[in-house]
Amino acid sequence: MILRRLYDDELAQASYLIGCEATGQAIVVDPMLDVDRYFEAARAEGVTVHDVTETHIHADFVSGARALARLAHAHLYLSGDGGPDWQYAMPSDDDAAPADVDRQPDRVTRLHDGDVIAVGAVRLTALHTPGHTPEHLSFLVTDTAVSEHPVGLLSGDFIFVGDVGRPDLLER
């Protein structure tokens, strides 16, 4: 399994490129708007971006999930949990969008608690972890080439070392 953390010091925001060495497929979790960095990281690791996902709707930075999925012709996985007020809006190609990056990727799947994304031998299991935001997902990461036991958890802004994600940032 390939695991590469990409971090933005100014935003204090982490994203991840996770790949399967056997298949050359990779998934990007919580991409920022500068999507070129993920293509560069994938090239450096010898993989291609096959899937894109987010842990939650981000209020503190502009997500690059749609743009990356569209440009990579990748499958986009987004939370389907959180209730009707906390669903991702996905414009159609017919909608007037202010920029091309807002266009919907070709393939979008809504994830729910327990759903699995398979990227070669790597498995990400979605866990609905509301608190920071109502639709929030965390991902248990398992490298099935080595073990059936998870090797880590990607929690987005849900848990930090010695702290938890703030729920008071939500606006009405």
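So, here is what we can say about the structure in this document. What you see is a predicted model; the values in this text were computed from it and never measured. (Residues numbered from 1 in each chain as written. Predicted model: local features only at pLDDT ≥ 70, side-chain atom pairs only at ≥ 80, totals over all residues. Heavy atoms only, no water.)

Our next topic: helix H1 (residues 36-45). Regarding H1, the residues found buried are Tyr 38, Ala 41 and Ala 42. Mapping the buried residues of H1 onto a view down its axis gives an arc of 100°, with all of them on the same face. Among the exposed residues of H1, those pointing more than 90 degrees away from its buried face are Arg 43 and Ala 44. In this structure, the buried residues of H1 make contact with strand E1 (2-8), strand E2 (13-19), strand E3 (25-29), strand E4 (48-53) and helix H2 (65-72). Gly 46 sits one or two positions beyond H1 and adopts a positive phi of about 75°. (Buried < 20%, exposed > 50% of the residue type's maximum accessible area, 1.4 Å probe, protein only. Helix = DSSP H or I, 4+ residues; strand = E, 2+ residues; numbered from the N terminus. Arc of directions from axis to C-beta. Contact = heavy atoms within 4.5 Å.)

Attention shifts here to the pattern of salt bridges. Per the counting criterion, the structure on display carries two salt bridges. The residue Glu 45 makes a salt bridge to Arg 4 at a minimum N-O spacing of 3.7 Å. Taken together, the residues span a long stretch of sequence, with Glu 45 in helix H1 and Arg 4 in strand E1 at a distance of 41 residues. Of the charged contacts in the structure, one is a salt bridge between Glu 148 and Arg 123, with a shortest N-O distance of 3.2 Å. Residue Glu 148 is located in the loop between strand E9 (137-143) and strand E10 (152-154), and its partner Arg 123 is located in strand E8 (residues 122-128); the two are separated by 25 residues in the primary sequence. Judged by its relative accessible area of 23%, Arg 123 is partly exposed. (Salt bridge = Lys/Arg side-chain N within 4 Å of Asp/Glu carboxyl O.)

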